[in-house]
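# Descriptive analysis of the structure
Read off the chains here:
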Amino acid sequence: MGDSDSRLVQDRRAKVERLRKEGREPFPWSFPGRVATSQVVAACAPLAPGAEGRGPPLTVAGRVRAVRVHGKSAFVDIDDLAGPLQLFARVDELGEEGFGRLTADLDPGDLVGAVGRPVVTRRGEPSLRVTELTLLAKALNPPPEKYHGLKDPEERLRRRYVDLLAAPESRARFRARFLLTRALRAHLDGLDFLEVETPTIVPVASGAAANPFTTRSRFLDAELQLRIALELPLKRLLVGGLERVYEIGHVFRNEDLDSSHTPEFTMMELYWAYADYHDMQRLVEGLYGALASEAARLLPENPAARAAPERFRPPFAVVDFVDELEARSGITDLLGRSREELRALARAAGATVPDDSPPGKFLDKLFEHYVEPTLDRPTFVVDFPAATTPLAKRHRSRPGRVERFELFAGGTELGNAYTELNDPDEQEARFREQLSARGEDHYAYDADFVEALRYGMPPASGLGIGVDRMVMALTGTSSIKDVVLFPPVRERPVDLL
RNA sequence: GGGCCCGUAGCUCAGCCCGGCAGAGCAGGCGGCUCUUAACCGCAAGAUCGGGGGUUCGAAUCCCCUCGGGCCCGCCA
């Protein structure tokens, strides 16, 4: 069962040996002058079936998907990033020897280059009538079966390159993911935000409630952690006068995987001096509107992407956290409830929360249970109870609330924003509350951050968006593993020798 | 971490309930075919049935353990 023993691999190795003996290099260095396969297809468009294009020959390169030999002619399907193309090879153009080599050398999975003229076959398939065919890299391992492809979900993750080479829709989805990230940057750059980078390895991970990964520095002789959020370093930059900053980077949370969580994921956080959370709602609407258009352009075949521009057309709906929760749950006077009452209500709603959870935890659970699943259309949930949010500024006119919104769509969170707390004394008090609440997932006390606020942070609004989930929402992808190229997998057990 | 399910040829899958010679298609080999596109036709080959143990005259099939994965639940976005 070992690959090295496989008969198929042995046959392919034998071909490599033979090629070398014949003085032909199975892994040449370059292949100049190629155009995209789509260019050949375009050149075929005006041609009638059976006609051959005039003008100079074209050069293409790509991976062999199938070889169909018909005695003295052959069809070779290749594809490159632009799409598939049929090569039409005949002994008439290649000669007996050249044609014989083609059929003897080529296997599915090989990378080849071809020169020829565009033709449309009698059956109407745009093709390249090949006058030269060159092996560019021999594939020793055979590709997955040509019709069913690679189905095994484990192999698709462990050997993502095989998934990508075998499944054009997987390539298209990942391309869309990274082009959406590019569009995200372009949108923010256009609003004059500055992209920055801050450390991933920090003394104490803070800015969110999650279990950190730990590591050790030999230089500092100290235990360090991997960041769980971008928030606090970026706010320090507002103190420093950078005014509009954002960062797109990985954050790390030492938790289990499921269809919407993975321990290492991509976060975008943005901080905007002299703006508040109302300004930020407008920014988020503009941002999702722009990204939805881009998704529709990138994936015209994908129903979710195609529907995105209409779905994410501003303005988004707005609901009040407390009003909506009371309306959905039938609970009254939520803000007047004691911690014990809230805990009992949360447990009645099926949440399993430890007794010593921070007080806001119970409200979060209630909201998650009663409201989140009902939020399908993009909706801003606004004015969270203060207890849920230690880093947001208290509401300017509504006691017991903070100026915060989350954007939900399709039952999942697509963004989280506050008017930022910039009063150092209040920040210090909120950190202390969190610590005294104990429990596992309190926010870490960051004394230097309080110190930074003492120098004066401008009034500002901040935004966080989970980029993986943003991509999922815009592309209709149900598992986060389908938008993360190399999700974490367990070490495969060593084969017994 | 708890529950349910899956693992058979390089790939996609049968066979497992109800124990009795491990099958097919694709890919690969050989032969044929100058318009196919999941090309077609013929021949031959390819598997310690995830791993270990047990029950049995006999295990892919039943039992136990273990590894890997999927889905649901709990926790983090």
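In short, a report on the structure. (Residues numbered from 1 in each chain as written. Chains lettered and ligands numbered in written order. Predicted model: local features only at pLDDT ≥ 70, side-chain atom pairs only at ≥ 80, totals over all residues. Heavy atoms only, no water.)

## So, the protein's contact with RNA strand B
Around RNA strand B, the surrounding shell holds 54 residues, and the nearest of these are R123, K146, H261, K361 and R469. Between a sugar or linking oxygen of RNA strand B and a side-chain N or O atom of D11, the distance comes to 2.6 Å. Note that a sugar or linking oxygen of RNA strand B is positioned 3.3 Å from one of the side-chain N or O atoms of R253. Ranked by the residues each element gives to the surface near RNA strand B, the list is headed by helix α1 (residues 7-21), at four residues. (Near = heavy atom within 4 Å. Polar contact = N/O pair within 3.5 Å; in protein donor to acceptor, adjacent residues only side chain to side chain. Helix = DSSP H or I, 4+ residues; strand = E, 2+ residues; numbered from the N terminus.)

## Considering the pairing of strand β13 (residues 379-382)
Side chains T379 and V381 of β13 all project onto a buried face; the interleaved residues F380 and V382 project onto the opposite face, where all are buried too. Sheet topology places strand β12 (residues 317-320) next to β13; four bridges connect them, and they run parallel. Considered in β13, the bridge of V319 is made with V381. Two elements, β13 and strand β14 (residues 404-409), share four bridges in a ladder whose sense is antiparallel. Bridge pairing links T379 to F408 in β14. (Buried < 20%, exposed > 50% of the residue type's maximum accessible area, 1.4 Å probe, protein only. Pairing = 2+ DSSP bridges.)

## Quick word on the pattern of salt bridges
Here the structure, examined in full by the defined rule, presents 49 salt bridges. We note a salt bridge from R158 to E154, for which the minimum N-O separation is 3.0 Å. Of the two residues, R158 and E154 are both situated in helix α4 (residues 153-158); the distance of four residues between them amounts to about one turn of the helix. Accessibility expressed as a relative area gives 24% for R158, which makes it partly exposed. E195 is the partner of R185 in a salt bridge, and the nearest nitrogen-oxygen pair spans 2.9 Å. Of the two residues, R185 is situated in helix α6 (residues 168-190) and E195 in strand β6 (residues 194-195); the sequence distance between them amounts to 10 residues. Of the residues examined, R185 reaches a relative accessible area of 28% and is grouped as partly exposed. Given the relative accessible area of 33%, E195 is considered partly exposed. (Salt bridge = Lys/Arg side-chain N within 4 Å of Asp/Glu carboxyl O.)

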